[in-house]
Structure formats: structure tokens, C-alpha cells
Amino acid sequence: MLKGTRRKHAIPTGVWALGLVSLFMDISSELIHALLPIFLVTVIGASTITVGLIEGMAEATAAIIKIFSGTLSDYLRKRKILAVLGYGMAAVTKPLFPLADSAATVFTARFLDRVGKGIRGAPRDALVSDLTPSRVRGAAYGLRQSLDTIGAAAGPLLAMALMIWLSDDIRAVFWVAVIPASISVLILLVWVHEPPTPLTTERAQPPFRAGDILRLPREFWAVVAVGLALTLARFSEAFLLLRAADVGLALRWVPLVMVIMNLAYAVSSYPAGVLSDRWPRRHILAGGLVCLLGADLLLAAGGIAGLMGGVLLWGLHMGATQGLLAALVADTSPPTLRGSAFGVFNMVAGLALLAASSIAGVLWHVVGPPATFNAGAGFTVLALIALALLRGGSKPASSRGA
């Protein structure tokens, strides 16, 4: 009986495989991203405004594509093929980074990389839901996010080791990123299997119909509003790396910022997901926003101690918000429109990230680094107010029989 109960509450193997796919791709991506802002500023000679625009536009591109890929996955009722296409595109763009000799080339590489992310993101998130019973949905999203974030911590660690070994040759470090990206695609191809499509009398409808988007329930749009406010408060992590260099951290140790942030993110994502299956999800989200507020204030204060404390809290806020928002999207969207729902949510979040990162870059360049983080603190307060007004999704899915 106990054995059967454990199996009943086990997270499916396919979710573990998707988590490993994310882990290896994040090792590759974060190995590059942990050094990319410094590469742009010190090697290419770009300004912080340019850094903010590149990061924001790249993420907005990914977000806009997600709405189409998510809707297409609902129409095709096949999600894995889009995930393979997206992860494959990210893998083949990795060599462009070490070859870059201008900000325009870096932007092209980031753009194509984020196109791949846009193609894979919503179908992958919807596939996690397709594979997982509702009673362990929060745990499944938390697990995938934790494995993703372990990779995001391992990437900067590897970057630091390679910077020491290769005498601060950033381009040589970038070439290594091709290897884990290839492993990620291989795992997806071999070990992730899509669940069989259930028989239905409902006719398949053409993708990208505005009417389907409008059919998403009011509770879903409330979650979108909270995600919008949160993303305005959470600009690109590129500014954490720039802040590390600004307070005097040596170039080869700058990736330590991402290691600390992602370790905090990784260890908090799964527990936050498990708690959200038992307690109202918005209570956990509120705790994450309080962490973000503290992070911004410490980062604005400056100094090595403020930097490290702020980065730690930033990671905890990510762990308490990102997987839970995905679970809330799944909770509040019908299964036939789940890919579309993730696409809409990610599109709104990406456009908000473009605005947030652009504002952050301008404030940094014109006023100074503390202004960037003080503005983030102000947006966080607005996000807390939006969360307080949220009514839909206040209970875990298991309590609603979703």
C-alpha cells in the first residue's frame, strides 16, 4: 500500500528528462551569459544602455514567439517536435558568440538563441503539465525549475574555472558551451516521450485564433497581471554582473554572482513548489517578492557584502516565483488551450522584461547603478499590491481538483 502510494505521488520520468534537458542547456547558456555583459562592455566597448537593449530585445523576441509556438502545440497536439526545434536552434547558435566582433553580432547571436527559446518554452511547459497529475503539478514544475537552475549555477562555475585555466580568454571559454548544448538536444531526442493524444470528437481548429485567446478565463488574466508587475520589477540579471564589476570584483570572479544566485534559486524552487501544493500559491509568491525587495535595496547600497546578500535574495525570490507562476498558469487554463496560455503569459512577461531592462540600462548610464536597483524596489512594491488583489489561483491545484 505504501509502495503504491509513493508511486502515485511520484513525478513522471519524462519530467525528470525535461529537467535534465534544461540543466545541460542552461550550463551552456549561462557559461556564456555569465561573461557576456562584461564581454560587451570591456571587449566590444558597448554601453550599459546597449546591454539593456540587447538583453531586453532578445527576451522580448523569445516571448513573442512563445505565443505562436504554444498555440501551435495546442493545434498540432504535438509538443515535443517544437521543443526539439527550439533546443536545436539554441545549440547551433552557440558558436556565434566566440566569433562575435561587434555589438551587432552579439545581438544577432542572442536574437537567434532566444528565437530557439521562444519556440521551445511554451510547448515544454505545457508538456510538463501533460505528463503530470494535478496533485503533484507544483512539485513537477518546481523540480524542472530546480534542475534548470542547477545547470544555471554550474555554467558560471565552469566559466570561472575556464577563465583561470585559459588566462581570461573569454572567446575560448565561449567555445566550450557548444558541448553541453549538444548533450541537451540528445537527451530530449532519446528520453522524452510525448503522452498519447486522447481520443476526442472535438475538431482541431486552426492555430493563432484570437478567439481562443479571448476564451481564456478571468483567473488566468489575473495571473498574467501579477506576472507583468513582477517582471517589471525583475530586470535582466546582466545588471547583477555589471554591479559585481562596479563594486570591484575581479573579472574572472564575476561569474560567482550567477553561481550564488542560481544555487539559491535551485535549492528554493522545489520546496516552494511542494509548499504551493499545500498552501495558497500567492502566499509563497508574496514571500518571493519580499526577497526581491530586500535584494534591490542591498544591491543599491553597494559594497561586496551588499552585492552578495542582494544576489542571494535575488535567487531566493526566483525560486519562490518562477515555478509557481507556471503552476498558476496551468491551474487557470483549460487543457486544450494550455500551450496558448503559456504563450500569452510568456509574451507579456517578455515585453515587460524589455521595458524593465531598457529602463535599467538608461538609469545606470544616466543616473548611476543605485538608481537602477532603487527603481526595481519601487516596481516590486507595485507587484506586491497587484498580488494582494489576486483572487484566482489562491488555492493549490490539488484542493480544487484541477
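Here the structure is shown first, and the text comes after it.
Residues numbered from 1 in each chain as written. Predicted model: local features only at pLDDT ≥ 70, side-chain atom pairs only at ≥ 80, totals over all residues. Heavy atoms only, no water.

## A word on the overall build of the chain
Argument step 1. Helix and strand counts for the chain come out as 20 helices and zero strands.
Argument step 2. In terms of overall dimensions, the chain is globule-like: its C-alpha atoms have a radius of gyration of 20 Å, near the 21 Å expected for 402 residues.
Argument step 3. C-alpha atoms of the chain, sized along the principal axes, occupy 60 × 45 × 45 Å.
Argument step 4. Expressed as a percentage of the 402 residues in the chain, the buried residues total 57%. (Helix = DSSP H or I, 4+ residues; strand = E, 2+ residues; numbered from the N terminus. Rg over C-alpha atoms; globule rule 2.2 N^0.38 Å. Buried < 20%, exposed > 50% of the residue type's maximum accessible area, 1.4 Å probe, protein only.)

## Focus: the pattern of salt bridges
Argument step 1. This structure, assessed with the given rule, holds 13 salt bridges.
Argument step 2. One salt bridge in this structure joins Arg281 and Asp277, with 3.5 Å as the shortest N-O distance.
Argument step 3. Among the charged side chains, a network of salt bridges with common partners joins Glu55, Lys94, Arg110, Asp113 and Arg114. (Salt bridge = Lys/Arg side-chain N within 4 Å of Asp/Glu carboxyl O.)

## With respect to helix H16 (residues 303–319)
Argument step 1. Over its 17 residues, H16 extends 25 Å from the first C-alpha to the last, a length consistent with the 24 Å expected when each residue adds 1.5 Å.
Argument step 2. For H16, the complete set of buried residues consists of Gly306, Leu307, Gly310, Val311, Trp314, Gly315, His317, Met318 and Gly319.
Argument step 3. On the buried face of H16, the contacting elements are helix H12 (218–233), helix H13 (238–246), helix H14 (256–276), helix H15 (281–301) and helix H17 (322–331). (Expected span 1.5 Å × (residues − 1). Contact = heavy atoms within 4.5 Å.)

## Observations concerning the packing of aromatic side chains
Argument step 1. Scanning the model with the defined rule gives eight aromatic pairs in all.
Argument step 2. Aromatic side chains Phe220 and Trp221 sit 5.1 Å apart centroid to centroid with 70° between the ring planes, which places their arrangement in the edge-to-face category.
Argument step 3. What makes Phe220 buried here is its relative accessible area of 0%.
Argument step 4. Ring-pair connections join several aromatic residues into one group, and the members of that group are Phe235, Phe239, Trp314, Trp364 and Phe373.
Argument step 5. For the cation-ring pair, Arg120 lies above Tyr87, with the distance from its terminal atom to the ring centre recorded as 4.4 Å. (Phe/Tyr/Trp six-rings, centres within 6.5 Å; stacked < 30°, edge-to-face > 60°. Lys NZ or Arg CZ within 6 Å of the ring centre and 35° of its normal.)

## Re the side chain of Ser146
Argument step 1. The residue Ser146 is located in helix H8 (residues 137–165) in this model.
Argument step 2. Non-local contacts of Ser146, meaning those with residues more than four positions away in its chain, are made with Ala266, Ser269 and Tyr270.

## Some thoughts on the packing of helix H5 (residues 80–93) against helix H7 (residues 103–131)
Argument step 1. Look at H5 against H7: their axes get within 7 Å of each other, and the N-to-C directions meet at 160°. The pairing of H5 with H7 is recorded here as roughly antiparallel in orientation. Taken as a pair, H5 and H7 cross one another with a handedness that is left-handed. Facing Leu82, Ala83, Leu85, Gly86, Tyr87, Met89, Ala90 and Thr93 of H5, the residues of H7 in contact are Ala109, Leu112, Asp113, Val115, Gly116, Ile119, Arg120, Pro123 and Arg124.
Argument step 2. Classifying every residue of the contact of H5 with H7 by side-chain character gives 11 nonpolar, three polar and three charged. (Axes fitted to C-alpha atoms, helices over the stretch in contact; angles between N-to-C directions. Parallel < 35°, antiparallel > 145°, perpendicular 65-115°, else oblique. Left-handed = near helix turned anticlockwise from the far one by under 90°. Nonpolar A, V, L, I, M, F, W, Y, C, P; charged D, E, K, R; others polar.)

## Quick look at a nonpolar patch on the surface
Argument step 1. Residues Leu186, Leu189, Val190 and Trp191 make up a contiguous nonpolar surface patch of about 410 Å² in total accessible area.
Argument step 2. Secondary-structure assignment places Trp191 in helix H10 (residues 178–191).
Argument step 3. Trp191 gets classed as exposed once you look at its relative accessible area, which sits at 51%. (Patch = residues over 30% accessible without salt bridge, like charges linked within 9 Å, V, L, I, M, F, W, Y side chains within 5 Å. Areas by Shrake-Rupley, 256 points an atom, 1.4 Å probe, with all protein chains shown as cover.)

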